[in-house]
Amino acid sequence: MEENLKEKLFNTQKDGWETVGEEEKSKIFHLANDYMKFLNVAKTEREFIKQTEKLIQENGYIDINEKKELQAGDKVYFNNRGKSMYIAIIGEESIEEGMHIIGSHVDSPRLDLKPNPLYEDTGLAYFKTHYYGGIKKYQWTTIPLSIHGVIVKPNGEKIEVCIGEEETDPIFTITDLLPHLAQEQMEKKLKNGIDGEDLSLLVGSIPYALEKGPDKVKLNILSILNQKYGIVEADLTSSELELVPAFRARTLGFDGSMVAAYGQDDKVCAYTSIAAMMTLTQVKHTAICILSDKEEIGSMGNTGMESHMFDYFVSELLNRLGANRPNLLDKVFCYSKMLSSDVDAGFDPLYASVSDKLNAGFIGKGISLNKYTGSKGKSGASDANAEYVAWIRNVLEKNNIRYQVAELGKVDIGGGGTIAYILANKGVDVIDCGVPVLSMHAPYEVTSKFDIYSAYKTYQAFWKE
Ligand code: MN
Ligand code: MN
């Protein structure tokens, strides 16, 4: 009979906070503060890429188009249309030995303006919207919303819009029915409670004084937009304007242990991977950080991961390394390793029935690995090979990083997708690896500061391998 046999044999998940001392705790809180500051100026994919470009340039990263040749230690990036980005540190070993890739996405669920958004009804002016990504529509009514994005005129002039973030700015909102008159609405299924076409943003109510006839409130709004941005109604057809919650990222809980913020899926993994990369100088394997767009709607389009833009970037690395030859790109992918750094569904005790407690990611227990995602019978999943899971476990264990291996919900309930399968299809060894989130895809999502720090340490350790 052996003593402490349980400790030796059981895979017991400790609460992360019980494993850290005061010094580490202050590092955890420090990183979370930097993260929240970043989130407050990077609510959309365009803003995230803009802020990242600023940060990496300050750290000596150079636009790859400005570099003719590359060698070990060089730090370059490619900004794809201001909405996605690939960043690289050239490794000391030949790139033929494979790259170490970390890929997240910087788009988040939100409401987009329709191409012809502005109308007036009964003295009120509205913007029509089309929601982006998987949302519970009722969550987006009666909260303060801000408008972020760009309007591009036919002459190429680009107007950047960000209104609703400053204290002196107006905010916008989508109204909902008062309970007194909502008997019929309350009988509906939750998903039908609010109709997609009814997610219209209230933007004004004063009529334009010098005009007669209908649409005077609409005219007044256009007059204000014309003065402020120099645009006419038709210019909205060539715009990308996104409605996001106007509230700020905040510390959550008496103990300050959590972060509440919009867009943490997947900006929490994007931010921690960038922050980790900025601590690196030399790496053995070429380190790649992907910030992708359009993940929430299927990774399509030329800023989404399904496009060939990333292959183009890696080809450009090979060209500038003087290494390129036929089929080398395929070989490099086959020898590469990747963490698909996307958030996991955190176990929520209020909704315990949807998760298998033995295979769920818990808040505060460290980085969460999903061997596979997919839905109902692993359909559509990229299922990481056991050999690769063992490899990443070894990296985590030797660096004393707390981790959990989970799946997204119960077998016949669960499901979700990330960019993992896209790189896996190219031959890369990939596993999903991110921070567990509560209220995922809601206007205000919750994470643990301990897990945020675990993600940062995981990404650092992976690139140092
Ligand atoms: Mn995600
Ligand atoms: Mn998502």
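Structure: above.
Computed from a prediction, not measured in an experiment: that's the story for all the values here.

Caption draft 1: Looking closely at the coordination of the manganese ion (ligand 1). The protein atoms that coordinate the manganese ion (ligand 1) are H105 (NE2), D265 (OD), D342 (OD) and D342 (OD), at distances of 2.1 to 2.6 Å. Taken in chain order, the donor set of the manganese ion (ligand 1) reads H-x159-D-x76-D. Between the manganese ion (ligand 1) and the manganese ion (ligand 2), the interatomic distance is 3.3 Å, and D265 donates to each metal, bridging them. Of this pair, H105 sits in strand β4 (residues 99-105) while D265 sits in helix α6 (residues 264-277), and the two are 160 residues apart along the sequence. This pair shows no difference in class: H105 is buried, exactly as D265 is.

Caption draft 2: Region of interest: the coordination of the manganese ion (ligand 2). Taken together, the protein ligands of the manganese ion (ligand 2) are D265 (OD), E296 (OE), E296 (OE) and H441 (NE2), with distances of 2.1 to 2.6 Å. Spacing between the donor residues of the manganese ion (ligand 2) along the chain follows D-x30-E-x144-H.

Caption draft 3: Molecular detail of the packing of aromatic side chains. For the structure shown, the criterion picks out 19 aromatic pairs. Residues W17 and F450 carry aromatic rings whose centres are separated by 5.9 Å and whose planes lie at 55° to one another, so their mutual orientation is tilted. In this pair, W17 sits in the loop between α1 (5-9) and α2 (22-41) while F450 sits in helix α11 (residues 449-464), placing the two residues 433 residues apart along the sequence. Given a relative accessible area of 22%, W17 falls into the partly exposed group. With a centroid separation of 6.0 Å and an interplanar angle of 40°, the aromatic rings of F310 and F333 are classed as tilted. You can see F310 sitting in helix α7 (residues 309-320) and its partner F333 sitting in helix α8 (residues 328-334), a full 23 residues away along the chain.

Caption draft 4: How the structure looks around the sheet that holds strand β5 (residues 110-121). Pairing is antiparallel in the open sheet, where six strands are placed in the order β8-β7-β10-β5-β6-β9. Strands at the two margins of the open sheet, each flanked by one partner only, are β8 (158-163) and β9 (201-204). Neighbour-to-neighbour, the strand axes of this sheet turn through a mean angle of 30°, independent of strand direction. Pairing analysis gives six bridges linking strand β7 (residues 145-152) to β8, with the strands arranged antiparallel. Across the sheet, residue I151 finds its bridge partner in β8, namely I159. Sheet contacts for helix α3 (residues 45-58): β5, β7, β8 and β10 (239-245); angle to β8, the most-contacted strand, approximately 105°.

Caption draft 5: Expanded view of a nonpolar patch on the surface. Taken together, the side chains of L350, Y351, V354 and I413 define a hydrophobic patch exposed on the protein surface, amounting to about 450 Å² of accessible area. Considering the arrangement of structural elements, one finds V354 in the loop between β15 (344-345) and β16 (367-370).

Procedures and definitions
- Residues numbered from 1 in each chain as written.
- Chains lettered and ligands numbered in written order.
- Predicted model: local features only at pLDDT ≥ 70, side-chain atom pairs only at ≥ 80, totals over all residues.
- Heavy atoms only, no water.
- Donors = N, O, S within 2.8 Å, 3.2 Å for Na, K, Ca; no water.
- Helix = DSSP H or I, 4+ residues; strand = E, 2+ residues; numbered from the N terminus.
- Buried < 20%, exposed > 50% of the residue type's maximum accessible area, 1.4 Å probe, protein only.
- Phe/Tyr/Trp six-rings, centres within 6.5 Å; stacked < 30°, edge-to-face > 60°.
- Pairing = 2+ DSSP bridges.
- Axes fitted to C-alpha atoms, helices over the stretch in contact; angles between N-to-C directions.
- Contact = heavy atoms within 4.5 Å.
- Patch = residues over 30% accessible without salt bridge, like charges linked within 9 Å, V, L, I, M, F, W, Y side chains within 5 Å.
- Areas by Shrake-Rupley, 256 points an atom, 1.4 Å probe, with all protein chains shown as cover.
- Salt bridge = Lys/Arg side-chain N within 4 Å of Asp/Glu carboxyl O.

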